[in-house]
2 protein chains.
Amino acid sequence: MSEQEWIAAGSLTSVPGFTAGTAACGIKYAGRDDLALLLAERPCAAAALFTTNKVQAAPVLFDKALMARNAHGLRALVVNSGNANACTGNAGLDDAAAMADAVAQALGLPADSVFVMSTGTIGVPLPMERVLKGVPLAARALDPNSGPAFARAIMTTDTRPKSCALRLALPSGARVTIGGSAKGAGMIHPNMATLLAVVVTDAAVAPAALDALLRQAADHSFHSISIDGDTSTNDTLLALASGAVGNPAIESNDSPDAQAFLVGLTAVCTYLAQEIVRDGEGATRFVTIRVRGATTAADARQAALTVAQSALVKTALFGADPNWGRVLCALGYSGATLDPERVVLHFGGMKVLEHGLPLPFDEKTAHDLLDVPEVLIEADLGLGAGEATVWTCDFSYDYVKINAEYRT
Amino acid sequence: MSEQEWIAAGSLTSVPGFTAGTAACGIKYAGRDDLALLLAERPCAAAALFTTNKVQAAPVLFDKALMARNAHGLRALVVNSGNANACTGNAGLDDAAAMADAVAQALGLPADSVFVMSTGTIGVPLPMERVLKGVPLAARALDPNSGPAFARAIMTTDTRPKSCALRLALPSGARVTIGGSAKGAGMIHPNMATLLAVVVTDAAVAPAALDALLRQAADHSFHSISIDGDTSTNDTLLALASGAVGNPAIESNDSPDAQAFLVGLTAVCTYLAQEIVRDGEGATRFVTIRVRGATTAADARQAALTVAQSALVKTALFGADPNWGRVLCALGYSGATLDPERVVLHFGGMKVLEHGLPLPFDEKTAHDLLDVPEVLIEADLGLGAGEATVWTCDFSYDYVKINAEYRT
């Protein structure tokens, strides 16, 4: 594995050649920035993953068409928070295109070089007058130290911004940087639920290889988290590779350089995905669910995600209740191949079930083991070599409170 | 449709030839009955549906084997609450068999004529000494008016007993009675999650026809409700047909008699299933989700159940928030064929979305429409003739409270 070094307080603009700028447009929130620009000094190879929801917001439709036209020359990303531009019909599509045009004009960029993301309330037309006034303000604010401001401007119900960056040496010699930023705290579920994320690098990676590597990284990060099982209309993960460091371009996904880059890309995506879970709506605990011994990796993943989504498991975790029965039940209905008599369960490192039978344990000790901010649940299905790890959070009063009161 | 008449305060023992008896064994609860017997004066044709969870409790394994041996001569059902006899290994299987044997002995019944159900905590051996002491007490209490007592004795987190009965005339002339009882308030989900139910009749129905009719009735009742999406180890729906009224036995599921009987059977099952949702853990609203215009009935059902399971939809309903966006999103990720621009949504009879676009409505009016005990959400997908109705409840603080504190 190649040498890899996290950058303290890293962000998108830790990557040389990327600048960010933000502005307060008053789209929905008062007294905070809600428009964010990211500019690459060189045209970038791009790859993107989008929500699998059949209801797709205007920017998602715009970006999908854009990626089909131009996955090798993106220059900028514009993001607004407070309004998702979803369920807004043809006018919404026009608005997404107008946002991209305004950015291209303000920065003197060619057509088809600006990617658009929106997040917030759905079903309300974007206040385009405000957005278009904000674009030149954000453009003027572009700055090589504004990655953290970018991360703050894209927040909705997030309680804190999410950014990171790392450097790594490619086997062929170049030292590259990867930085990322994300938002999302509810509706988080595999397949890109109400989640916006962007990862940028100065490495040279061909679009097809970037796409393949991004999908692999997402499987082990953004697609391995669950907060409430709901997916949304706007979720998008974008990767941009500028090639500024001049490495021999990564053209396949199995070269030594590609594999080293994948390790770094996965690390950045995993950090951001875990930050999203830690900031889950109403979450009081960060929960790692590790399944091993499944017949296949896909089975392990299905089992782990089913446990991660169980409302009964998640409420028990809120109560620090070592409720092995609910975990075993979730494994039982997950669809994964299962022989209950082979299952071994650990809660917080303590073995609670073996051969399908619970082991005697002290309730108070077990409760104390779980009454902590980070909890590990391990299930060994005892059948094969398949394993998977997913991350989730508990289900609290505050989750209900936040979602009974917030209009998506 | 045949004439059908509900029986006031109907229960299992509204059906001539069935008696019930209960006893307090102190299995877990103090000061209440926790063992219930149901006795048929004649051998009954039987059909049963069991949990699809791969982790199955001892009584489920016992009953599956019993049904394979004897689906035409059941005489009795014994149910205990407070302990599920699940995750109890071979000793648990022995305990389930011993319960059946004790009942057969106390009532002078042949072997293989007693069905067993258990519900409550899992992973704890049944206190057999208490159970076996209780069986003769319950047997001595057998009485043609104890259907309501039976319904109370099988409760766990239920806040109220669930029973009903109706009479109907078969086209061939006989007047038959169908009665039922159920328990369950959490872990309710299609495929028989922590739910025990028994339906009895004095009609003559052959086992194969009874099985086919029970499956059809369950699809439109117990398999069309969701409380929290979790399924459990013990869920069982049993149907017993004594044939005491002497009608020409229903041998197929498509004769006029069969169809008339199915209407009644479905009505009883639907009543019980809806009662379970109304008593959903922490529920403040009973929610009907009706999907029409789907390409197929299966698509409609999948769409409706996905909406019914969405934590975001359910928390919004708790807040009486007319959050059409969350419903549309859930339709979008349900897997059902969908064209967002054809979807029409009504909340409480008020149209809120058409052609994929929200309609203007007064927030206060909409909130008031939803701030009621029974809410109707209707989605017309505009694609075909498929339709389905499912029932669910909202997701409240109390759901979290109950499940953070209760050890299943």
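Owing to the predicted nature of the structure, the values given are computational and were not obtained by experimental measurement.

Describing the overall build of chain A
On a plain count of helices and strands, chain A comes out with eleven helices and 16 strands. Dimensions of chain A, computed from C-alpha atoms along their principal axes, come out at roughly 70 × 50 × 35 Å. With 408 residues in all, chain A has 64% of them scored as buried. Pairs at least 24 residues apart make up 81% of the contacts formed inside chain A by residues separated by at least 6 positions. On chain A, roughly 13,500 Å² of surface is accessible, and the fraction owed to carbon and sulfur atoms is 54%.

As for helix H7 (residues 297-309) of chain B
Compared with an ideal rise of 1.5 Å per residue, which puts 13 residues at 18 Å, H7(B) spans 18 Å between its outermost C-alpha atoms and is within 8% of the ideal. Contacts made by the buried residues of H7(B) are with strand S9 (225-226), strand S11 (286-294), helix H8 (311-318), helix H9 (324-333) and strand S16 (386-393) of chain B.

Structural notes on the packing of aromatic side chains
The full count for this structure, using the stated rule, is five aromatic pairs over all chains. Here Phe50(B) and Phe115(B) contribute two aromatic rings whose centre-to-centre distance is 6.2 Å and whose plane-to-plane angle is 10°, an arrangement assigned as stacked. Pair noted here: Phe50(B) is in strand S3 (residues 35-50) and Phe115(B) is in strand S5 (residues 114-121), with a separation of 65 residues, a long-range link. By relative accessible area, which is 15% here, Phe50(B) ends up buried. Looking at Phe115(B), the relative accessible area reads 0%, which means it is buried. Its guanidinium or amino end placed over the ring of Phe395(A), Lys314(A) lies 5.7 Å from that ring's centre, counting from NZ or CZ. Over the ring of Phe286(B) we find Arg278(B), and its NZ or CZ is 4.0 Å from the ring centre.

Some remarks on the interface of chain B and chain A
With 53 residues of chain B at the contact, the number on the chain A side is 53 residues. Summed over both partners, the interface of chain B with chain A comes to about 4,300 Å²; 59% of that surface belongs to carbon and sulfur atoms. Linking chain B to chain A there are zero salt bridges. Contributions of two or more residues to the side of chain B that touches chain A are made by H8, H9, strand S14 (357-358) and helix H11 (397-405) of chain B. Broken down by element, the side of chain B that touches chain A gets its largest block of residues, seven residues, from H9(B). Of the residues assigned to the side of chain B that touches chain A, the class counts are 24 nonpolar, 21 polar and eight charged.

Considering the pairing of strand S2 (residues 18-23) of chain A
For a regular strand, side-chain orientation follows a simple rule: the groups alternate between the two sheet faces. All names here are of chain A. Burial of S2 is extensive: five of the six residues sit out of reach of the surface. In terms of strand pairing, S2 meets strand S3 (residues 35-50) through six bridges, oriented antiparallel. Within S3, the position partnered with Ala20 by the bridge is Leu38.

Observations concerning the pairing of strand S6 (residues 162-169) of chain A
Residue and element names in this part refer to chain A. When you tally the buried positions in S6, you get seven out of eight residues, the bulk of the element. Where S6 meets strand S7 (residues 175-183), eight bridges bridge the pair, whose relative direction is antiparallel. Within S7, the residue paired with Cys164 across the bridge is Gly180. Taken together, S6 and the strand that follows it, S7, pair antiparallel across an intervening segment of five residues, in which Gly173 is found at a positive phi of about 125°.

Comments concerning the relation of the copies chain B and chain A
Each copy of the sequence occupies a distinct position, and chain B is placed on chain A by a rotation of 180° and an axial shift of 0.0 Å, giving an RMSD of 0.0 Å. Such a combination of rotation and displacement between the chain copies is what one expects of a two-fold axis. In terms of C-alpha distance to the rotation axis, chain B has Tyr397(B) as its closest residue, with the C-alpha 2.7 Å off the axis. Most of the interface of chain B is mirrored in chain A, where 100% of its interface residues again form contacts.

Remarks on the sheet that holds S9(B)
All names here are of chain B. The sheet built from seven strands is open, its strands ordered S9-S16-S11-S15-S12-S13-S14 with mixed pairing. The sheet terminates laterally at S9 and S14, the two strands that pair on one side only. Sheet strands touched by H9: strand S12 (344-347), strand S13 (350-354), S14 and strand S15 (374-380). Its angle to S12, the strand with the most contacts, is close to 135°.

Some remarks on the side chain of Asp63(A)
As for its position among the elements, Asp63(A) is in helix H1 (residues 58-69). One buried charged residue, Asp63(A), remains without a salt bridge, the closest side chain of opposite sign being Arg69(A) at 8.2 Å.

Thoughts on helix H2 (residues 89-107) of chain B
Three or four residues apart is the spacing at which side chains of an α-helix point the same way, because the helix has 3.6 residues per turn. Residue and element names in this part refer to chain B. Along its 19 residues, H2 runs 28 Å from first to last C-alpha, staying within 8% of the 27 Å computed at 1.5 Å per residue. Where H2 is buried, its residues contact S3, helix H1 (58-69), strand S4 (74-83), S5 and helix H3 (128-140). Trailing H2 by a residue or two, Gly108 shows a phi angle of about 65°, which is positive.

Some details on the packing of H7(B) against H9(B)
Residues and elements named next belong to chain B. Two elements in contact, H7 and H9, have axes separated by 8 Å at closest approach and are oriented at 130°. One finds that H7 runs oblique with respect to H9. You can see that H7 and H9 cross each other, and the crossing is right-handed. Residues Ala303, Thr306 and Val307 of H7 pack against Val327, Ala330, Leu331 and Tyr333 of H9. Class assignment for the residues of the contact of H7 with H9 results in six nonpolar, one polar and no charged.

Overview of the side chain of Ser113(A)
Relative to the elements of secondary structure, Ser113(A) occurs in the loop between helix H2 (89-107) and strand S5 (114-121). Not counting residues up to four positions away in its chain, the partners in contact with Ser113(A) are Leu66(A), Asn70(A), Gly73(A), Leu74(A), Arg75(A) and Ala76(A).

Observations concerning the pattern of salt bridges
In total, this model carries 28 salt bridges over all chains according to the counting rule given. Of the charged contacts, one joins Glu5(B) and Arg167(B) as a salt bridge, the two residues approaching to 3.5 Å between their closest N and O atoms. With Glu5(B) in strand S1 (residues 4-6) and Arg167(B) in strand S6 (residues 162-169), the pair connects residues that are 162 residues apart, well separated along the chain. Residue classification places Arg167(B) among the partly exposed positions, given a relative accessible area of 30%. The network of salt bridges with shared partners includes Arg160(A), Glu275(A), Arg278(A) and Glu374(A).

A look at the sheet that holds strand S11 (residues 286-294) of chain A
Residues and elements named next belong to chain A. Pairing in this open sheet of seven strands is mixed, and the strands run S9-S16-S11-S15-S12-S13-S14 from one edge to the other. The strands lining the two open edges of the sheet, one partner per strand, are strand S9 (225-226) and strand S14 (357-358). As paired strands, strand S13 (residues 350-354) and S14 are joined by two bridges and run antiparallel to one another. In the sheet register, Leu353 faces S14, and the bridge partner there is Pro358.

Thoughts on the environment of Phe286(A)
Residue and element names in this part refer to chain A. Checked against the element boundaries, Phe286 lands in strand S11. A relative accessible area of 5% places Phe286 in the buried class. Note: C-alpha distance between Phe286 and Glu275 (eleven residues apart in sequence) is 9.5 Å. Each residue touching Phe286, except ones within four places of it in the same chain, is listed here: Gln274, Val277, Arg278, Pro373, Glu374, Val375, Trp391 and Thr392.

Some details on unusual backbone geometry
Notably, Cys87(A) is not glycine yet its phi reads approximately 55°, a positive angle. By the element assignment, Cys87(A) lies in the loop between strand S4 (74-83) and H2. Judged by relative accessible area, which is 10%, Cys87(A) ranks as buried. Unlike most non-glycine residues, Ala9(B) shows phi in positive territory, near 50°. Owing to a relative accessible area of 75%, Ala9(B) belongs among the exposed residues under this scheme.

Description of the environment of Leu93(B)
All names here are of chain B. Of note, Leu93 is situated in helix H2. For the pair formed by Leu93 and Pro59, sequence separation is 34 residues and the distance between their alpha carbons is 7.0 Å. Among all residues touching Leu93, those that are not within four sequence positions of it are Ala58, Leu61 and Phe62.

Section: the confidence of the model for chain A
Residues and elements named next belong to chain A. This prediction gives chain A a mean pLDDT of 92; 95% of its residues lie at or above 70. Here residues 188-193 is a poorly scored stretch, pLDDT under 50, and it has 41 contacts once near neighbours within four places are set aside; other chains count. Complex prediction metrics read pTM 0.87 and ipTM 0.81.

How each quantity is defined
- Residues numbered from 1 in each chain as written.
- Chains lettered and ligands numbered in written order.
- Predicted model: local features only at pLDDT ≥ 70, side-chain atom pairs only at ≥ 80, totals over all residues.
- Heavy atoms only, no water.
- Helix = DSSP H or I, 4+ residues; strand = E, 2+ residues; numbered from the N terminus.
- Buried < 20%, exposed > 50% of the residue type's maximum accessible area, 1.4 Å probe, protein only.
- Contact = heavy atoms within 4.5 Å.
- Areas by Shrake-Rupley, 256 points an atom, 1.4 Å probe, with all protein chains shown as cover.
- Expected span 1.5 Å × (residues − 1).
- Phe/Tyr/Trp six-rings, centres within 6.5 Å; stacked < 30°, edge-to-face > 60°.
- Lys NZ or Arg CZ within 6 Å of the ring centre and 35° of its normal.
- Buried area = accessible area lost by both parts, 1.4 Å probe.
- Salt bridge = Lys/Arg side-chain N within 4 Å of Asp/Glu carboxyl O.
- Nonpolar A, V, L, I, M, F, W, Y, C, P; charged D, E, K, R; others polar.
- Pairing = 2+ DSSP bridges.
- Least-squares fit on C-alpha atoms with pLDDT ≥ 70 in both.
- Axes fitted to C-alpha atoms, helices over the stretch in contact; angles between N-to-C directions.
- Lys, Arg positive; Asp, Glu negative; His and termini not counted.
- Parallel < 35°, antiparallel > 145°, perpendicular 65-115°, else oblique.
- Left-handed = near helix turned anticlockwise from the far one by under 90°.
- pLDDT = per-residue confidence, 0-100.

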